[in-house]
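Structural overview for review
So the chains spell out like this:
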Amino acid sequence: MHVITFFNHAGGAAKTSTALNVGYSLSRRGHRVLLIDADPQANLTRWVGLDVPTGSDAKLHTLYSAVLGATDTLALPAPVVAHGMDVIRSCLDLAEVEPLLPGQVMGQLRLRSAIRKIEGKYDFVLIDPPPSLGQLSTLAVLAADELVVPVPAGNKGLEGLEGVTRMVATFRQVAVPTLRIALMVPTRVSNTNLSRDSVEALRGSGIAPISDAVTERPSLYPNSQLQGLPVALYDPRNPAVAELEAVTDQLLAQLETGRHGAAK
Ligand SMILES: Nc1ncnc2c1ncn2[C@@H]1O[C@H](COP(=O)(O)OP(=O)(O)O)[C@@H](O)[C@H]1O
Ligand SMILES: [Mg+2]
């Protein structure tokens, strides 16, 4: 079972988009996929077309149950199925984790423990954290063995990267020595010099393996999001689908390489 967090604290990096579309591709290939929405904004939950839990016990339908639920039964809630994938949804009240978690014994490792309890149930557990460096992001990163880092081309994409690598180094030292960046994905790549330069800089950085680029498609992604569909279901003939398939192929290849590396 691979537990992979899509990590980059920058907002709009295409974390949610990449997690969901790669997750769908893995699921279409016959893998058992669990998506965990760890962002109180619940973008992933909506993007797969699910209702955001409401009411006074809404947060008990989220990963909250695994980290701050009843102490003797800390566990993930039952998932909901969307497009062939299992999904642990999110809602705004999940934000209560931020102030409450630091007071808990081994709080930041509780999602990791809860996921280990379902070892073998899935081939891939993909976690989508919020665009910040708070408790929920920490929980999400510490739950993973591998990270995928979506990097938006242009703007401040590469500046933010330094923060990502620093954080990964710290987590490796203090909690998960085997944590590694399996793949960096250049996202939102357009046909401009700035965009090309930033993909080149990423390739030259030597931080981690880099996948093929995912192109900026200003109507496709937001529209598929509004319809609650993975891109491959919203517009199967769109060239974006082949790009996302390539990223999935490259992720699988890197995971395989990592496995051999670990066996040595
Ligand atoms: N390749 C892309 N081209 C155009 N828009 C994109 C692309 N990828 C994501 N988006 C849009 O950009 C916004 C941010 O993407 P999202 O995946 O939610 O980023 P994050 O989770 O890192 O904040 C969303 O509205 C999404 O529809
Ligand atoms: Mg997101």
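Everything that follows concerns the structure shown earlier in this document.
Throughout what follows, the structure given in this document is the object of discussion.

Parameters at a glance
- Residues numbered from 1 in each chain as written.
- Chains lettered and ligands numbered in written order.
- Predicted model: local features only at pLDDT ≥ 70, side-chain atom pairs only at ≥ 80, totals over all residues.
- Helix = DSSP H or I, 4+ residues; strand = E, 2+ residues; numbered from the N terminus.
- Rg over C-alpha atoms; globule rule 2.2 N^0.38 Å.
- Buried ≥ 20, exposed ≤ 12 C-beta atoms within 10 Å, placed from the backbone.
- Contact = placed C-beta atoms within 7 Å.
- Near = placed C-beta within 6 Å.
- Nonpolar A, V, L, I, M, F, W, Y, C, P; charged D, E, K, R; others polar.
- Core = buried A, V, L, I, M, F, W, Y, C linked by C-beta atoms within 7 Å.
- Pairing = 2+ DSSP bridges.
- Axes fitted to C-alpha atoms, helices over the stretch in contact; angles between N-to-C directions.
- Expected span 1.5 Å × (residues − 1).
- Arc of directions from axis to C-beta.

1. As for the overall build of the chain
Scanning the chain from terminus to terminus reveals eleven helices and seven strands. For the chain, the C-alpha radius of gyration of 17 Å lies close to 18 Å, the compact-globule estimate for 264 residues. Residue burial in the chain is summarised as follows: out of 264 residues, 45% are buried. The contacts of the chain with a sequence gap of at least 6 include a subset with a gap of at least 24, amounting to 79%.

2. A look at the site of ligand 1
Ala13, Lys15, Thr16, Ser17 and Tyr221 are the nearest of the 18 residues found near ligand 1. Only α1 (15–28) and α9 (220–227) provide two or more residues apiece to the shell around ligand 1. Grouping the constituent residues of the shell around ligand 1 by class yields seven nonpolar, seven polar and four charged.

3. Points about the nonpolar core
Core analysis: the largest hydrophobic core is formed by 71 residues, its most contacted members being Leu35, Leu63, Leu111, Val125, Leu126, Leu147 and Val148. The contact partners of Leu35, leaving out residues within four places of it in the chain, are Ala19, Leu20, Gly23, Leu44, Met85, Val87, Leu126 and Asp128.

4. Quick look at the sheet that holds strand β5 (residues 124–128)
Ordered by their spatial adjacency, seven strands build an open sheet running β3-β4-β2-β5-β1-β6-β7, and the pairing between neighbours is mixed. Among the strands making up the open sheet, the edge pair consists of β3 (80–82) and β7 (180–187). Taking each pair of neighbouring strands and ignoring which way they run, the sheet shows an average axis angle of 25°. In terms of strand pairing, strand β2 (residues 33–37) meets strand β4 (residues 85–88) through three bridges, oriented parallel.

5. Comments concerning unusual backbone geometry
Positive phi values are uncommon outside glycine, yet Ala42 reaches one of about 60°. Inspection of the secondary structure assignment puts Ala42 in the loop between β2 and α2 (43–47).

6. Section: the environment of Leu100
Tracing the backbone through its elements, the reader meets Leu100 in helix α4 (residues 97–100). The spacing of Leu100 and Val67 is 33 residues in sequence and 9.9 Å in space, taken between C-alpha atoms.

7. Some details on helix α8 (residues 193–205)
Between its first and last C-alpha, α8 extends 18 Å over 13 residues, near the 18 Å set by a 1.5 Å rise per residue. Gly206 lies just past α8 and shows a positive phi near 70°.

8. A few points about the environment of Asn191
With respect to the helices and strands, Asn191 occurs in the loop between β7 and α8. Residue classification places Asn191 among the exposed positions, given that 8 C-beta atoms sit within 10 Å. A sequence separation of 92 residues divides Asn191 from Pro99, and the C-alpha atoms of the two residues are 42 Å apart.

9. Some points on α9
Among the residues of α9, Tyr221, Ser224 and Gln225 are the ones counted as buried. When α9 is viewed along its axis, its buried side chains cluster within an angular range of 105° and face the same direction. In this structure, α9 carries Pro222 and Leu226 as exposed residues pointing more than 90 degrees from its buried face. Buried residues along α9 sit against α1, α2 and α10 (231–234). Phi turns positive one or two residues past the end of α9, at Gly228, with a value near 70°.

10. Focus on the pairing of β2
Most of β2 sits inside the fold, with five of its five residues counted as buried. Where burial is concerned, the two faces of β2 agree: the one with Val33, Leu35 and Asp37 and the one with Leu34 and Ile36 are both buried. Judged from the five bridges that link them, β2 and β5 form a sheet pairing that is parallel. Its bridge partner lying in β5, Leu35 is registered against Leu126.

11. Description of the environment of Ile88
Its place among the elements puts Ile88 in strand β4. When the C-alpha atoms of Ile88 and Lys117 are compared, they prove to be 15 Å apart, with 29 residues separating the residues in sequence. For Ile88, the residues in contact, after removing those within four places along its chain, are Ile36, Asp37, Thr62, Leu63, Leu76, Pro77 and Pro79.

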